[in-house]
Amino acid sequence: MSSFCRPDLRWRLAVAADAPALVHLIWAAYRGPASYDRWTSEEHLVRGTRTDERAVLAAIEPAGSEMLIVHDRDDGGAPIACCRIADRGRELAHFGMFAVDPERQGGGVGRRLVGWAEQGVADSFGAREIELEVLAQQQLLRAWYERLGYAATGETRPFPAHPEYAVPVRDDLLLVVLTKRLGDDDRR
Ligand SMILES: CC(C)(COP(=O)(O)OP(=O)(O)OC[C@H]1O[C@@H](n2cnc3c(N)ncnc32)[C@H](O)[C@@H]1OP(=O)(O)O)[C@@H](O)C(=O)NCCC(=O)NCCS
């Protein structure tokens, strides 16, 4: 794994003014043409816009939900990656809306952000466990999360089809739930 950008990466919490940039970042990573030839491409699985400003604001503004933005140290805070962390109660947190600018993928940004998110849910919500969902059809992505310490719980959830955000290309889409126990190192 290349580390060309890692030493100069920073993270910050998103604010409402970040919503337009985050919508574009998430669209580019999940749906834009630059995503088509990437190993996480969903082109053959899902169409639609993926998100909009209202959905991003709903991830930023309520208590118990935050979006983390990764940016270059000297670049004014412009987002190159993001994720949402949310408090589910009972020491469980949820991780989602995870996207890295396609031009910056493969350089360790995503792995770094997962680590920050794990620390963030422990610090902000007192979480001891973090969960995420991955499409059952995205086996390479699931394998990556497993390398990061996540494991399938056996639970599956219906794919959240939406006429604007998420239009299934096939009718067997399913979300697999993965979780990870957070150790003392994540509760700094
Ligand atoms: C998933 C995503 C956030 C990862 O971000 P990233 O910055 O590229 O991640 P990293 O560079 O830290 O790690 C990439 C990993 O993919 C692996 N990888 C790269 N190309 C691969 C390929 N063709 N096949 C399988 N694995 C591959 C790398 O080896 C690396 O694994 P490692 O950490 O074990 O070394 C990014 O690809 C993305 O935004 N995808 C679109 C949105 C998405 O799918 N989000 C997740 C939804 S559950």
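Before going into details, it helps to say that this report is about the structure given with it. Note that the coordinates shown come from a computational prediction; the quantities given were computed from them, not determined experimentally.

Digging into the nonpolar core
Leu 22, Val 56, Met 67, Phe 95, Phe 98 and Tyr 145 are the most contacted members of the largest nonpolar core, which has 46 residues in total. Apart from residues no more than four positions distant in its own chain, Val 56 is found in contact with Ala 19, Leu 22, Val 23, Ile 26, Thr 51, Met 67 and Met 97. By size, the runner-up hydrophobic cluster in this structure holds eight residues, among which are Leu 45, Val 46, Tyr 165 and Leu 173.

Regarding the site of the ligand
The environment of the ligand is formed by 21 residues, the closest being Gly 106, Gly 108, Gly 110, Arg 111 and Arg 147. In this structure, Tyr 30 approaches the ligand through a side-chain N or O atom, which is 3.2 Å from a nitrogen atom. For the ligand, whose unbound accessible area comes to 960 Å², protein coverage reaches 79%. Residue assignment for the shell around the ligand shows that the elements contributing at least two residues are α1 (19-30), β5 (92-100), α3 (109-125) and α4 (139-147). No other element matches α4, which puts five residues into the shell around the ligand.

Thoughts on α1
With twelve residues, α1 should cover 16 Å at 1.5 Å per step; its first-to-last C-alpha distance of 16 Å lies within 8% of that length. When α1 is considered as a whole, its buried residues turn out to be Ala 19, Leu 22, Val 23, Leu 25, Ile 26, Ala 28, Ala 29 and Tyr 30. Considering only its buried residues, α1 is in contact with α2 (53-60), β3 (65-72), β4 (81-89) and β5.

Considerations on the sheet that holds β3
Across the sheet, seven strands lie side by side as β1-β3-β4-β5-β6-β9-β7; this open sheet has mixed pairing. The open sheet has two free edges, formed respectively by β1 (9-13) and β7 (151-158), since each of these has just one partner strand. The average undirected angle you get between the axes of adjacent strands in this sheet is 30°. Of the pairings in the sheet, the one linking strand β6 (residues 129-135) to strand β9 (residues 174-181) comprises seven bridges and is antiparallel in character. Pairing of Glu 131 across the sheet is with Thr 179, part of β9.

A closer look at the packing of aromatic side chains
In this structure the tally under the stated criterion is five aromatic pairs. Judged by centre distance (6.2 Å) and plane angle (10°), the rings of Phe 98 and Trp 144 are stacked. Here Phe 98 is found in strand β5, whereas its partner Trp 144 is found in helix α4, with 46 residues between them in sequence. A single burial state applies to Phe 98 and to Trp 144, both of which are buried. Ring centres 5.5 Å apart and planes at 40° place the aromatic pair Trp 144 and Tyr 145 in the tilted group. Assigned by exposure class, Trp 144 and Tyr 145 land together as buried.

Thoughts on the pairing of β3
Most of β3 is tucked away: seven of the eight residues are buried. Bridge count between β1 and β3: five bridges; the pairing is antiparallel. Each residue of the ladder has a partner; that of Leu 13, found in β3, is Leu 68. As paired elements, β3 and β4 share six bridges and run antiparallel to each other. What sits directly across from Glu 66, in β4, is Ile 85.

Definitions and limits used
In every chain, residue numbers begin from 1 and rise along the written sequence. This being a predicted model, a pLDDT of at least 70 is required before a residue's local features are given, and a value of 80 or more before pairs of side-chain atoms are given or counted; all residues contribute to the totals for chains, interfaces and linings. As a rule here, side-chain values come from all non-hydrogen atoms in the structure, and water together with hydrogens is ignored. Only buried residues count toward a nonpolar core. Its members are Ala, Val, Leu, Ile, Met, Phe, Trp, Tyr and Cys residues joined through side-chain atoms within 4.5 Å. For every residue, the accessible area (1.4 Å probe, protein chains only) is compared with the maximum for its type, and the residue is labelled buried under 20%, exposed over 50%, or partly exposed between those bounds. It only takes one pair of heavy atoms within 4.5 Å for two residues to be counted as in contact. One heavy atom within 4 Å of a molecule or strand is enough for the residue carrying it to be called near that molecule or strand. By the criterion applied in these results, polar contacts are pairs of N or O atoms within 3.5 Å in which, for protein atoms, one can donate a hydrogen and the other can accept it, and in which residues neighboring in sequence qualify only through two side-chain atoms. For every accessible area listed, the method is Shrake-Rupley and the probe measures 1.4 Å; residues are considered covered only by the protein chains on display. Secondary structure elements follow DSSP: runs of H or I no shorter than four residues count as helices, runs of E no shorter than two count as strands, and numbering proceeds from the N terminus. Multiplying 1.5 Å by the residue count of a helix minus one yields the expected span of that helix. Strand pairing follows a simple DSSP-based rule, namely that at least 2 bridges must link the two strands. Simply put, an axis is a line fit to the C-alpha atoms, just over the touching stretch for a helix, and the angle between two N-to-C directions goes from 0 to 180 degrees. Each Phe, Tyr or Trp ring (for Trp, its six-membered ring) is paired with any other whose centre lies within 6.5 Å, and the angle between the two planes then decides the class: stacked below 30 degrees, edge-to-face above 60, tilted in between.

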